[in-house]
Amino acid sequence: MKRPDKDSFFLYSLSVIGSGCGFLSQILVSGFWSSAFSQDVFFFSINTAFYFLSLGLGSLQSERVLRPERRHLSYRVVFLCSWTALSIPLLRYSIQVYGNLFLIPIGIVFVSGFIAGQIIPLTLRLNEAQNKLSLPMLFFLDYTAAIFFTFVFTFVLLIPLGYLRTSLVLAYSCFALTLLLMLSHREKNRPLWGTAALGLLLPVFAILAQPAPKDAPGWRSPNPAKVIFKKQTHYQKIILTEERGNNPYYPDQPERVLYLDGFIQFNSLYEQAYHFCLANIPVFAADYLNAPPKRALILGGGDGLVARNLLDVPSIEHIDQVELDPEMIQLSKTEPHVRHYNRDSFYNPKVNVIIADAFRWVRTAEKHSYDLIIVDFPDPKSITLSRLYSSEFYSYVWPLLSPKGFLSIQSGPVYALEDKEKHTLSRVTTTVMKTLASVGKASYVYYNPRDLDAFVMATPYPDFDMDAFTAKIGIRADIANAHFCKYKSLWKVPDVRVNTLNTLPMTEYLLHWYDMAGGFFRYGDSYAIFLPE
Amino acid sequence: MQSAQLKTHREPPPPSETKAHVWVLYLGAGIAAFTAIAYELLLASYATFLLGASIFQYSFVLSLMMASMGMGALATRRKRFSSLEQFLGVEVLLSWLAAAAIPTLYAAFASTVPPHLVLLFFVVGIGVGIGMEIPLLNDMHLSGQGLSKILFYDYFGGFVGGLFFPVLLLPELGFFRLGAVLAVVNAALGLVVTVVYRKELRNRFKFWLGLTLITIALAASGLYFAEALRRYMEWEFFKIYKVL
């Protein structure tokens with residue numbers, strides 16, 4: 001093989017740009033789609049499968065170009081650059097209009113792959129006469145381009161810019177390189193330059209045609225809610241909304257709702273019951289054992305509302321709050337409304353905020369050092385969140401409890417929707433209990449009857465009598481006079497698998513519950529604001 | 001005299017390529033791609049399960065594996081062994097790596113060993129092997145005209161693997177058994193190629209036959225004991241036991 005010359009450099013470069021853009025388009029679409037609808041494994045796998053199929057079909061299709069010329073390669077690379085820039089706007093539009101119609105992202109990826117699949121065969125055939133390019137070297141360069149694009153996308157651009165702007169930066173950079181190459185080779189083909197100009201402008205028109213959403217959906221009203229805070233962080237999209245006069249029960253009070261990735265974290269008018277059940281019931285239980293809690297650990301709960309409740313407990317001396325997303329803590333410390341709700345809990349000297357991944361942090365925390373552990377994670381709607389409800393996680397958390405300590409876990413929706421009589425626990429809550437049982441810990445479930453939130457509580461103290469305790473504080477269901485929380489000992493329990501890191505069925509259970517409840521992944525109209533940036 | 005004998009001694013002409021050879025090459029490309037995409041998704045998905053951050057894990061694994069595939073493709077230019085024997089060696093190596101990957105990652109996660117280092121080892125190792133497969137198959141194709149067809153079967157096999165992974169393979173088998181199944185598939189491919197190309201292997205045939213048979217046996221026993229191994233490791237590292 002001879003040393004590559006200017007022509008070979010041109011062919012290698014175009015091939016690298018084209019293949020890189022094709023691969024990037026696939027990663028962008030897969031990432032955006034799985035961020036919007038969870039189900040990461042399914043979406044990444046399906047997209048990868050169709051990308052490979054289209055690469056193969058494209059490779060076969062390339063043989064129909066009987067006399068390949070440089071312009072054939074140039075046209076395809078220009079198309080791929082433009083298509084990569086169009087991928088996210090097209091996907092956003094299709095999700096808003098059609099919802100989770102997975103033929104659309106598959107179609108986008110298919111087109112990328114079909115064109116990208118023609119690149120290598122055409123490049124080699126263009127080189128046939130000179131024999132200056134080698135197949136292994138071409139594969140090597142194309143694979144290197146893939147890793148470069150992915151590295152830049154994932155580690156450099158995605159967090160600060162989000163999906164849309166990242167796709168534009170990378171696609172237009174490729175465009176620029178392609179045009180430079182065409183100029184340096186004195187490309188005189190006018191239709192090709194015309195196509196390049198069109199390709200440059202189309203994504204711009206597509207973006208201008210889709211103005212960024214300004215409002216969010218109303219909580220229980222068809223009227224949209226005003227967005228008073230919005231931020232896409234490294235981990236999630238945080239949105240705080242405000243409505244006035246839309247709630248018939250509170251016509252004069254503002255109603256503010258915090259969403260994380262489109263899922264509600266708290267509603268200012270209704271959050272007290274949830275946080276009372278989650279945080280105060282285990283405090284009462286510890287008091288019942290004459291072991292009032294002194295040291296507490298909160299995992300998640302970055303809105304500061306659990307900390308607020310615990311700071312009202314006289315015996316509490318110290319709270320460690322572990323939260324993954326520093327932007328969430330920043331919001332809770334600086335946004336005036338959230339500060340009003342959490343009563344500046346994070347400014348209290350008793351509260352020590354730790355920015356860390358809870359899973360890593362609990363592995364190194366001091367054993368038997370907490371009287372109370374409150375687990376307030378978002379619902380396990382993704383694999384990443386489902387891990388925080390796993391046996392392995394609980395095996396690390398449990399040793400942190402003192403002998404008369406209590407663990408309280410937010411456990412998703414309480415009822416199985418298939419049972420209209422409401423005698424059956426949901427698979428999500430059952431899985432939390434069974435997963436705790438898999439590391440040898442018995443647990444009890446109680447719930448907020450209005451919002452249908454379930455909580456699972458456990459203690460290492462072997463003689464704790466949940467029936468007697470709940471009767472004493474008035475939340476036992478048969479004699480309940482409390483409206484916020486109820487405890488029932490007899491439930492029908494569905495068949496579920498233990499949530500270990502090797503199985504993680506919880507996400508599937510939760511997403512199924514969402515489907516039965518009417519679907520949660522809606523992005524039409526004002527719901528479009530919940531789409532990833 | 002000896003040198004005269006050496007000069008007059010000629011290598012027998014290579015056996016001609018039969019239909020069986022050609023079909024084994026094409027199916028081999030398809031099966032190799034099937035297992036390749038399954039490996040990529042297996043490692044990326046398992047990394048997500050263990051470590052979270054799906055976009056990061058998929059990007060990390062897919063791109064690093066593609067780069068390793070490129071290195072593997074380049075490595076085939078060295079011709080110390082024949083393409084056929086290199087291919088068989090790759091299939092055996094992939095089988096062992098596939099069988100070991102998931103349990104090793106789980107053990108690393110439970111220990112103080114950084115799981116990403118272990119992941120890096122398996123991604124690069126498997127990626128290099130995968131990257132060698134298609135160029136070697138292409139070299140083994142004597143007629144030299146079938147690159148497009150080999151690429152087609154390669155991509156089609158990747159499609160089937162990617163499609164079946166989330167809807168059938170992972171839900172039905174789980175991670176431990178799936179790794180073992182893929183190990184069996186690669187070993188079986190090695191065995192089939194060994195048998196079909198026995199004339200080309202000449203006096204090396206018995207060696208490769210024995211090696212691929214041993215590898216299949218080990219992979220199959222890994223498959224048989226996969227779930228028991230998973231439960232044993234969950235108990236050993238985290239005291240997780242089966243709840244009835």
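In this text the structure is predicted, and so the values were computed from the model without any measurement. Along each chain, residue indices are assigned from 1 in the same order as the chain's sequence is written. Labels follow written order: the first chain is A, the first ligand is 1, and so on. Two thresholds apply to this predicted model, a pLDDT of at least 70 for residue-level local features and 80 or more for giving and counting side-chain atom pairs, whereas whole-chain, interface and lining totals are computed over all residues. Side-chain figures throughout are based on the complete set of non-hydrogen atoms in the structure, without hydrogens or water.

(A) Seen up close, the overall build of chain A. Secondary structure elements are defined from DSSP: runs of H or I of at least 4 residues count as helices, runs of E of at least 2 residues count as strands, and each element is numbered from the N terminus. On a plain count of helices and strands, chain A comes out with 16 helices and 13 strands. Summarising its shape, the C-alpha atoms of chain A cover approximately 90 × 50 × 45 Å along the three principal directions. Put simply, chain A has 533 residues, and 59% of those count as buried. A total accessible area of about 21500 Å² is found for chain A, and carbon and sulfur atoms account for 58% of it. Under the counting rule used here, the positive set is Lys and Arg, the negative set is Asp and Glu, and His together with the chain ends is not counted. Taken as the charge location is NZ of Lys, CZ of Arg, CG of Asp or CD of Glu. One way to put it: in chain A the 49 positive side-chain charges average out to a point 8 Å from where the 45 negative ones average out. Three exposure classes are used, based on accessible area relative to the maximum for each residue type with a 1.4 Å probe and protein chains only: buried under 20%, partly exposed in between, and exposed over 50%. Computed with a 1.4 Å probe, the accessible areas rest on the Shrake-Rupley method; for each residue, only the protein chains presented here act as cover.

(B) Examining unusual backbone geometry more closely. Here the phi dihedral of R343 of chain A falls at roughly 50 degrees; this positive angle occurs in a residue that is not glycine. Within the secondary structure, R343 of chain A sits in the loop between α10 (336-342) and β8 (351-355).

(C) Representation of the interface of chain A and chain B within the structure. Taken together, the 57 residues of chain A in the interface contact 54 residues of chain B. Between chain A and chain B, the buried area comes to about 4900 Å², and carbon and sulfur atoms account for 74% of it. Accessible area that two parts lose when put together, with a 1.4 Å probe and added across both, is what the buried area reports. Among the residues of chain A in contact with chain B, F52, Y143 and N502 of chain A are the three that bury the most area, contributing 14% of the side total. For this document, the term salt bridge refers to a Lys or Arg side-chain nitrogen within 4 Å of an Asp or Glu carboxyl oxygen. Linking chain A with chain B are 0 salt bridges, by the criterion used here. We call two residues in contact when some of their heavy atoms are within 4.5 Å.

(D) The arrangement of the sheet that holds strand β9 (residues 370-376) of chain A in detail. Residue and element names in this part refer to chain A. In this scheme, strands are said to pair when DSSP sees at least two bridges between them. With mixed pairing, 8 strands are arranged side by side in an open sheet as β8-β7-β6-β9-β10-β12-β11-β13. The sheet is open, and its two edges are formed by β8 and β13 (486-487), each paired on a single side. One ladder, built from 5 bridges, connects strand β10 (residues 401-413) with strand β12 (residues 453-458); its direction is antiparallel. Bridge pairing in β12 links S408 to M457. Throughout, an axis means a line fitted to C-alpha atoms (over the contacting stretch in the case of helices), and angles, computed between N-to-C directions, take values from 0 to 180 degrees. Across the face of the sheet, helix α7 (residues 271-288) comes into contact with β9, β10, β11 (444-448) and β12 while running at roughly 160 degrees to β9.

(E) Inspection of the sheet that holds strand β4 (residues 254-260) of chain A at higher detail. Residues and elements named next belong to chain A. Strand order in the open sheet formed by 5 strands is β1-β2-β3-β4-β5, and the pairing between neighbours is antiparallel. In the strand order of this sheet, the two ends are held by β1 (215-216) and β5 (263-267), each with one partner. For β4 and β5, the ladder comprises 4 bridges, and the chain directions are antiparallel. Paired with V257 across the two strands is N267, which belongs to β5.

(F) Quick peek at the packing of aromatic side chains. All names here are of chain B. When two rings of Phe, Tyr or Trp (its six-membered ring) have centres within 6.5 Å they constitute a pair, described as stacked for plane angles under 30 degrees, edge-to-face for angles over 60, and tilted for the intermediate range. This structure, assessed with the given rule, holds 53 aromatic pairs over all chains. With 5.3 Å between their ring centres and 5 degrees between their planes, Y26 and Y153 make a pair best called stacked. Of this pair, Y26 sits in helix α2 (residues 19-51) while Y153 sits in helix α6 (residues 147-196); the two residues are 127 residues apart in sequence, bridging distant segments of the chain. Overall, the relative accessible area of 8% leaves Y26 in the buried class.

(G) Highlighting the pattern of salt bridges. Residue and element names in this part refer to chain A. If you walk through the whole model with that rule in mind, you get 15 salt bridges over all chains. Close ionic contact of R71 with E69 constitutes a salt bridge, the shortest N to O distance being 3.0 Å. Take E69: its relative accessible area is 39%, and that puts it in the partly exposed class. Shared partners join several salt bridges into a network, and the residues in it are K230, K237 and E533.

(H) Structural view of empty space enclosed by the protein. Site definitions follow a grid-based scheme: protein atoms alone, a 1 Å grid, a 1.4 Å probe that fits but cannot get out for cavities, and for pockets an open set with protein on both sides within 12 Å along at least five of seven lines, plus lining residues having an atom within 4 Å of a point. Grid points are joined across faces, edges and corners, and a volume is the space filled by probe spheres set on the points. Within this structure, the stated rule accounts for 2 cavities of 30 Å³ or more. By volume, the largest cavity is sized at about 490 Å³. Lining the largest cavity are 34 residues, with F52, L55 and Y143 of chain A together with M66 and Y155 of chain B sitting closest to its centre. Mapped by element, the contributors of at least two residues to the lining of the largest cavity are α1 (6-37), α2 (40-61), α4 (103-127) and α5 (135-184) of chain A together with α2, α3 (54-75), α5 (115-140) and α6 of chain B.

(I) Spotlight on the state of the cysteines. All names here are of chain A. Two cysteine sulfurs form a disulfide in these notes if their separation is within 2.5 Å. Considering all chains together, one arrives at 1 disulfide over all chains under this definition. One disulfide bridge connects C277 with C485, the sulfur atoms lying 2.0 Å from each other. Taking the sign of the S-S torsion, -115 degrees for the link of C277 and C485, the bridge is left-handed. Placement of C277 in helix α7 and of C485 in the loop between α15 (466-473) and β13 is noted, with a sequence separation of 208 residues between them. Like C485, C277 is buried. Looking at C21, it has no disulfide partner, and the nearest cysteine sulfur is the one in C174, 3.4 Å off. Free of any disulfide, C81 has its nearest neighbouring cysteine sulfur in C21, separated by 4.0 Å.

(J) Focus on α2 of chain B. In this scheme, a helix's expected span is set at 1.5 Å multiplied by one less than its residue total. Relative to the 48 Å expected for 33 residues at 1.5 Å per residue, α2 of chain B spans 47 Å between its end C-alpha atoms, a close match to the ideal helical length. After α2 of chain B finishes, the residue G52 of chain B shows a positive phi value of roughly 80 degrees.

(K) Structural context of the packing of α2 of chain A against α2 of chain B. Here α2 of chain A crosses α2 of chain B at 160 degrees, and the two axes come no closer than 11 Å. Judged on the interaxial angle alone, α2 of chain B and α2 of chain A are roughly antiparallel. For the pair α2 of chain A and α2 of chain B, the crossing hand works out as right-handed. Side by side, α2 of chain A and α2 of chain B meet where V41, S45, T48 and F52 of chain A of the first sit next to I37, L41, S45 and F49 of chain B of the second. Note on terminology: angles under 35 degrees are roughly parallel, angles over 145 are roughly antiparallel, angles of 65 to 115 are roughly perpendicular, and the others are oblique. Each crossing gets its hand from how the near helix is turned against the far one by less than a right angle, where anticlockwise is left-handed and clockwise is right-handed.

(L) Spatial organisation of a nonpolar patch on the surface. Residues and elements named next belong to chain A. Patch criteria: residues need more than 30% relative accessible area and no salt bridge. Like-charged residues are merged within 9 Å; nonpolar side chains of Val, Leu, Ile, Met, Phe, Trp and Tyr are merged within 5 Å. A grouping of Y93, V97, Y98, L101, F102 and L103 is seen on the molecular surface, where their side chains present a nonpolar patch of about 610 Å² in accessible area. Broken down by element, the residue count for the nonpolar patch peaks at 3 residues, all from helix α3 (residues 70-98). With respect to the helices and strands, V97 occurs in helix α3.

(M) Up close: the domain arrangement of chain A. Residues and elements named next belong to chain A. What marks off one domain from the next here is an automatic or database domain assignment. Domain boundaries in chain A define domain 1 (6-208), domain 2 (215-266) and domain 3 (268-530). Distance between the C-alpha centres of domain 2 and domain 3: 22 Å. Listed per partner, the contact involves 33 residues of domain 2 and 25 residues of domain 3. A buried area of about 2700 Å², summed over both sides, lies between domain 2 and domain 3, and 68% of it is on carbon and sulfur atoms. The shortest N-O distance in the salt bridge between K231 and E327 comes to 3.0 Å. N or O atoms within 3.5 Å of each other form a polar contact, as long as, within protein, one can give a hydrogen and the other can take it, and as long as residues adjacent in sequence are counted only when both atoms are side-chain atoms. At the boundary of domain 2 with domain 3, the tally comes to 7 residue pairs in polar contact (both at pLDDT 80 or more). Among the elements of the structure, β1, β2 (225-232), β3 (237-244), β4 and β5 are those that each provide at least two residues to the side of domain 2 that touches domain 3.

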